[in-house]
Amino acid sequence: MQVLVANAQPEARKIAEQWVNALPLAGGKKLAFGPAKTAAGARMLVFTLNAAPNPQLGAEGYTLNVTPNRIELAANQPAGLFYAGQTLRQLLPPTAELKGNVPVATCKITDYPRFGWRGLMLDVSRHFMPKEDVKRYLDLMAQYKFNTLHWHLTDDNGWRIEIKALPKLTQVGAWRVARTGAFGNFAPPKEGEPTPYGGFYTQDDIREIVAYAQERHIQIVPEIDVPGHSMAALAAYPELSTQPQVKRYVDPGTRFAEWGPNGTFKMFIENTLNPADDRVYAFLDKVFTEVAALFPSPYLHMGGDEAYHGFWERDSACVALMRREGLQNSHELQSYFVKRVGKIIAQKGKTMIGWDEILEGGLAPGAVVMGWRGTQGAIAAAQQKHQVVMSPTTFAYLDYTQGDPTLEKPIYASLYLRRSYQFDPLPPNVEARYILGGQANLWTEHVRHLRHALYMTYPRAWAIAESVWSLPARKNWDDFARRTEAHFARFAAMGLPASRAVYDAVVTTRTEGGQLICQIDSELNGLTIHYTLDDSFPDAASPQYTGPFALPPEATLRVITYRNDQPLGRLLILSKEELQKRAGKQRPWD
Ligand code: ACM
């Protein structure tokens, strides 16, 4: 097969070469680029940037036409041509190496995205992710046509980006004491304890990663999370808080906050910047000057989430500022801060994005709102004619667990694949023009390395990818589940992990007439479920589940899924106490 580039277009040639170089032909062979005229009947792969744009396709759409002798990829813009290549790659078999003739089903595809913001957020503060791993994460995002990496670069547990004017941010703020075990319950640093754990990206690293992402048509939107989540910055520059006298450290994952109902919280240690101190704004000006110069994205994210106001409310300078500015409460004080940050970001020629807390106390002009606490905040922002990105915990939080709580240590909440697939970034009664798109967020308190990051990201990111690309009417759970399994095979061929929790049985219970009734489901349709109540281990010869049953007193339920006589899911062992605990809870996707 020869590769042709229409009219020798240099941008199409670049994408064609990228595609050919990524193709794993046996023995490291490469497809050859052919001359403009080839023999009649020769098999050809043709990359074309449309001379006259096809208005249906927009900037990211493409056509892909496969006939017996000719594969044609065409788009208006390089991004679309790149996506045509990703789709073609998915039509090839899931193998580490392609040998001999590879059949590609004939097809004629016209495809374009529903939303222009198709994102994943990666938290590299809680655990630093080396540069090469970030690139791998980007590679996989691009394969699924994500075009935005929201990069959470700062938090209480590490400051990850070199700022030349503020060297202590990384000299001090990027490193912490080492701890293993359950993040959130770690001991604070001992006196004089070394801080070997962490890392940061130099500005050269950042430029390299930004260029790598650009080659894959991904914009990187950096987040500097202020005024809260700033313990690492304050470890470096304690004078920027209302509590400069407090002994400070980069948090290794201690329990420094207490969470109450409805998202309320209290911090034991002040981790916010002082909104009443002009040095804070001078500091942020320096930070955003360098960040803006490093990232070509038009957006800068300033966080704004979960800022604790308890220390502000007791601080005389904050109280005086509130009086002077006529601020009625601490939300208005935070809004004052956010608006000043918005001005700094605007001076750098960028549009500010913040988490939906920036609505409270009044939105800054022109700010983009990223909705995470359900959809209400984002809906309110859209009604105020602000652009929004939808990223609700209920569908899009990749740090939540995907399987039974006895198998996966509960982290805040659980989020099953089948629920993620229900994500629609366009809420009812909102004008579509205010919805930039959607994204899923991987917070990494409990995620220490790339393989775990991938386990948490996939397959749910596939559900999100489809939700931000395709119209809801085109979505179909069973078809998605079938394709998910095909992509499990692709990941396996690449030696990459993805969670297979979707194969596990899902057990819910209810009490009825003094008895505990067990209901067993599977997320995937078409599995058979075998279980025991007699402490033996279930296999294909064990009783098959056909409907809810009463748990005999003191029995333990053991359950596993099968398909075609092969075990698929993980074994669940659920004690009576565990089954009682979940009584009355719905199936996780209902
Ligand atoms: C967030 O999850 N704190 C935005």
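Residues numbered from 1 in each chain as written. Predicted model: local features only at pLDDT ≥ 70, side-chain atom pairs only at ≥ 80, totals over all residues. Heavy atoms only, no water.

**Looking at the environment of Leu417**
Phase 1 of the analysis: Residue position: Leu417 is located in helix H13 (residues 417-420).
Phase 2 of the analysis: With 172 residues separating them in the primary sequence, Leu417 and Trp589 have C-alpha atoms 8.2 Å apart.
Phase 3 of the analysis: Once residues lying within four places of it in the same chain are set aside, the contact partners of Leu417 are Pro459, Arg460, Ala463, Trp477, Phe480, Thr484, Val502 and Glu523. (Helix = DSSP H or I, 4+ residues; strand = E, 2+ residues; numbered from the N terminus. Contact = heavy atoms within 4.5 Å.)

**Some points on the nonpolar core**
Phase 1 of the analysis: Ranked by internal contacts, the top residues of the largest apolar core, which has 141 residues, are Trp151 and Tyr458.
Phase 2 of the analysis: Here this core gets nine residues from one element, more than from any other, and that element is helix H7 (residues 278-294).
Phase 3 of the analysis: In this structure, Ile529, Leu551, Leu572 and Leu579 belong to the second largest nonpolar core, which totals 16 residues. (Core = buried A, V, L, I, M, F, W, Y, C linked by side-chain atoms within 4.5 Å. Buried < 20%, exposed > 50% of the residue type's maximum accessible area, 1.4 Å probe, protein only.)

**Things to note about the pattern of salt bridges**
Phase 1 of the analysis: According to the stated counting rule, one finds 39 salt bridges in the structure shown.
Phase 2 of the analysis: Glu193 is the partner of Arg179 in a salt bridge, and the nearest nitrogen-oxygen pair spans 2.8 Å. Of this pair, Arg179 sits in the loop between strand S11 (175-176) and strand S12 (197-198) while Glu193 sits in the loop between S11 and S12, and the two are 14 residues apart along the sequence.
Phase 3 of the analysis: By relative accessible area, Arg179 is classed as buried at 15%.
Phase 4 of the analysis: Ionic contacts of the salt-bridge type, sharing partners, join the residues Lys131, Glu132, Lys135, Asp205 and Glu208 into one network. (Salt bridge = Lys/Arg side-chain N within 4 Å of Asp/Glu carboxyl O.)

**Quick look at the side chain of Asp123**
Phase 1 of the analysis: Tracing the chain through its elements places Asp123 in strand S7 (residues 117-123).
Phase 2 of the analysis: Engagement of the side chain of Asp123 in a polar contact is seen with the backbone nitrogen of Ser125, the distance being 2.8 Å.
Phase 3 of the analysis: Not counting residues up to four positions away in its chain, the partners in contact with Asp123 are His152, Leu442, Trp443, Thr444 and Glu445. (Polar contact = N/O pair within 3.5 Å; in protein donor to acceptor, adjacent residues only side chain to side chain.)

**Quick look at the sheet that holds strand S3 (residues 44-49)**
Phase 1 of the analysis: The sheet built from six strands is open, its strands ordered S2-S1-S3-S5-S4-S6 with mixed pairing. Edge positions in the sheet fall to strand S2 (32-33) and strand S6 (107-111), since each has one partner strand and no second.
Phase 2 of the analysis: When S3 meets strand S5 (residues 70-75), the two strands line up parallel, connected through six bridges. Note that in S5 the partner of Leu49 across the bridge is Ala75.
Phase 3 of the analysis: Across the sheet, helix H1 (residues 10-22) is in contact with strand S1 (2-5), S2 and S3; its angle to S3 comes to roughly 140°. (Pairing = 2+ DSSP bridges. Axes fitted to C-alpha atoms, helices over the stretch in contact; angles between N-to-C directions.)

**Some remarks on the environment of Asn476**
Phase 1 of the analysis: Of note, Asn476 is situated in the loop between helix H15 (460-469) and helix H16 (477-493).
Phase 2 of the analysis: For Asn476, a relative accessible area of 39% puts it in the partly exposed group.
Phase 3 of the analysis: Considering only alpha carbons, one finds Asn476 and Glu223, 253 residues apart in sequence, at a separation of 34 Å.
Phase 4 of the analysis: Among the polar contacts made by the side chain of Asn476, one reaches the main-chain amide nitrogen of Asp479 at a distance of 2.9 Å.

Just geometry here; none of it tells us what the structure is for.
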